[in-house]
Amino acid sequence: MTKLASVPEPGLAARAAAPVVEIDHLNLVFNAADAPVQALTDVNLAIGKGEFVSFIGPSGCGKTTLLRVVADLERATGGTVKVNGVSPEEARLARAYGYVFQAAALYPWRSVQRNITLPLEIMGMDRAEREARAARVLDLVNLSAFARKFPWQLSGGMQQRVSIARALSFDPALLLMDEPFGALDEIIRDHLNEELLRLWRRTQKTVLFVTHSIPEAVFLSTRIVVMSARPGRIVDVIDADLPADRTLEIRESAEFAAIAHRVRAGLRAGHSYDEG
Amino acid sequence: MSGSLGPVLAILGVLVVIWYAGAVALNAQRVLDGYESEETTDWTWRDLVADTLSMERPILPAPHQVLIELDKTVLDVAPTSRRSLVYHGWVTLSSALVGFVFGTLLGIVLAVGIVHVPTLERALMPWIIASQTIPILAIAPMIIVVLGSLGLVGLLPKAIISAYLCFFPVTIGMVKGLTSPDRIQLDLIRTYSASETQVFWKLRWPASVAFLFASLKVAIALAVVGAIVGELPTGAAAGLGARLLSGSYYGQTVQIWAALVVASVMAGLAVLAVDLAECATARHMGGQL
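Residues numbered from 1 in each chain as written. Chains lettered and ligands numbered in written order. Predicted model: local features only at pLDDT ≥ 70, side-chain atom pairs only at ≥ 80, totals over all residues.

Draft legend 1. Fine view of the overall build of chain B. Of the regular secondary structure elements, chain B holds 11 helices and zero strands. Each principal axis of the C-alpha distribution contributes one length, and for chain B these read about 90 × 55 × 35 Å. Split into buried and exposed, the 289 residues of chain B put 33% on the buried side. Contacts in chain B between residues at least 24 apart in sequence constitute 76% of all its contacts with a sequence separation of at least 6. (Helix = DSSP H or I, 4+ residues; strand = E, 2+ residues; numbered from the N terminus. Buried ≥ 20, exposed ≤ 12 C-beta atoms within 10 Å, placed from the backbone. Contact = placed C-beta atoms within 7 Å.)

So, in structure tokens, the structure goes:
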């Protein structure tokens, strides 16, 4: 068994200069009732400003847990994590990131608009500012006509777009997305991937994106982190340097296939290690 | 709405038929005893049925007798008169409503405490449960007597008994409701680093509204029961409980049943009012309560 990448290479100069997310020898053990579960083992990663980094791996590889550690929804049991140079908790208290969950997690008693203004209300913005921002991000996800609707009146794909708009409403420089399109069908997923890519290019946000779809990871990312399960760890970090103005057609190209092949190889290596 | 009218009327019809049959069956023996003591022998079945449905103090009065009594005591007298069931109904309802408001507030406060302070659940729950295992008929006279000795009479002691019954479903419902937000909804608001107060008002409270209204419907009906029970031990001069008591002293079963009908209509209207409030709230909250 050859280890594909023990330590991620520093890569671009910008990445090394001022990392937005810096993960150093991260370990996380869940204290389950019967036996402790090693969710993450010795994870090292630095993510620079403006990167789009995907985390891919089998279920239970800890990719969601890793994202939750960055968001201060879980606490590391070893190693350090820094977000914008401070601890995840300080970053959360400073509202440094927007989090998009696997489900839209809209509050059913709030209209689309008021779901989007929820973080703004909590942050104490005045009404006029809240409504202006809601209108802006709704336009960004092409849902301006649905501001007054309630979540149950929207399709699953539209609900997920609202949840992305909500994460963008307070304009965080960092977006954490946990399989946001996992529950959607392929066609809507393709469409939303294109929209997300456009959005990322326009806003230049740093994105951490958890997925279990190889094409999605290759299409969206500047870097792909391949993880394996039990214990969750990084097996490979792949630079994806597809042209910035790519469209879905790029998935037919040779360079796309090459990156996808390397991702698949990484996943397979992690898998065979797993079976021992 | 019109589609459901048929079944409603059918059930009502069945109940009225059962009621009449019951009245005939239960009252027949007394009528027969009467025939015997008067040595009437030439009675027919028709006479027997007619007589069982027109007794002055029947064991079970017939529906039309109750309606006539209601006509006399609701429509024929001024609502301020002491002979009016509207007057007695209001005496009971006003204390039931005061008790309902207090009981609901107490229930919500207890639930908020239990949800936010983990030790309170273990400290309070046994007492809350115990309070409801004591028959209200046993504890009501004591409350009335104790408060009476403190100089509290009239509406307030009855309201306290109503509140005593009311708070329980509200506490149970609201503990469930305030803890109903799922993990993802809580995680979401945590990522905004919301304060505990903001989590309460923006997530826990709106999520519990559906549970609150379910509890309120139980509570309002219990409040009416509590007010009536509160009127029994002191022989209160006014209120539906007082009417029930004086009716049973004098064997005025028709009066008792009329008071019971008013009490149940009143409780029904109160539940309906809660229902309407729920509909209005649901509309405001996206119609998905």
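There is more to say after this.
Draft legend 2. Structural view of the overall build of chain A. The number of helices and strands found in chain A is nine helices and nine strands. Expected size for 276 residues packed as a compact globule is a radius of gyration near 19 Å; at 19 Å, chain A falls within 12% of this value. Its C-alpha atoms give chain A principal-axis dimensions of about 60 × 45 × 40 Å. When burial is assessed residue by residue, chain A has 46% of its 276 residues classed as buried. Contacts spanning at least 24 positions in sequence make up 70% of the contacts within chain A whose residues lie at least 6 apart. (Rg over C-alpha atoms; globule rule 2.2 N^0.38 Å.)

Draft legend 3. Geometry of the domain arrangement of chain B. Its domain assignment divides chain B into domain 1 (2–59) and domain 2 (85–284). Centre-to-centre, using C-alpha coordinates, domain 1 of chain B lies 38 Å away from domain 2 of chain B. (Domains from an automatic or database assignment.)

Draft legend 4. Layout of the nonpolar core. If you look at the biggest cluster of nonpolar residues, it comprises 81 residues, and the most contacted ones within it are Val70, Ala165, Leu176, Leu208, Ile224, Val226 and Val263 of chain A. Val66, Val224, Ala227 and Met266 of chain B belong to the second-largest nonpolar core, a separate cluster that totals 49 residues. (Core = buried A, V, L, I, M, F, W, Y, C linked by C-beta atoms within 7 Å.)

Draft legend 5. Looking closely at the environment of Pro233 of chain B. All names here are of chain B. Topologically, Pro233 is positioned in the loop between helix H9 (196–231) and helix H10 (240–249). What makes Pro233 partly exposed here is the crowd of 19 C-beta atoms within 10 Å. Contacts of Pro233, omitting those with residues within four sequence positions, involve Ala140, Pro141 and Ile144.

Draft legend 6. Quick peek at unusual backbone geometry. All names here are of chain A. Look at Asp72: it is not a glycine, yet its phi comes out positive at around 65 degrees. Following the sequence through the fold, Asp72 ends up in the loop between helix H2 (63–70) and strand S4 (78–83). Unlike most non-glycine residues, Gln204 shows phi in positive territory, near 60 degrees. Of note, Gln204 is situated in the loop between helix H7 (186–203) and strand S7 (206–211).

Draft legend 7. Quick look at the packing of helix H4 (residues 85–116) of chain B against helix H11 (residues 253–284) of chain B. All names here are of chain B. The contact between H4 and H11 brings their axes to 10 Å, and the two run at 50 degrees. Considered as vectors, H4 and H11 are oriented oblique to each other. Crossing handedness for the pair H4 and H11: right-handed. Packed against H4, whose contacting residues are Leu85, Gly89 and Leu93, the element H11 presents Ala258, Ala259, Val262 and Met266 at the interface. For the contact of H4 with H11, the class distribution of residues is six nonpolar, one polar and no charged. (Axes fitted to C-alpha atoms, helices over the stretch in contact; angles between N-to-C directions. Parallel < 35°, antiparallel > 145°, perpendicular 65-115°, else oblique. Left-handed = near helix turned anticlockwise from the far one by under 90°. Nonpolar A, V, L, I, M, F, W, Y, C, P; charged D, E, K, R; others polar.)

Draft legend 8. Representation of the packing of helix H3 (residues 63–75) of chain B against H11 of chain B. Residue and element names in this part refer to chain B. As a packed pair, H3 and H11 sit with axes 9 Å apart at the nearest point and diverge in direction by 75 degrees. It follows that H3 is roughly perpendicular to H11 by the angle criterion. In contact with Gln65, Val66, Glu69, Leu70 and Thr73 of H3, H11 contributes Val254, Gln255, Trp257, Ala258 and Val261. Taken together, the residues that form the contact of H3 with H11 break down as six nonpolar, three polar and one charged.

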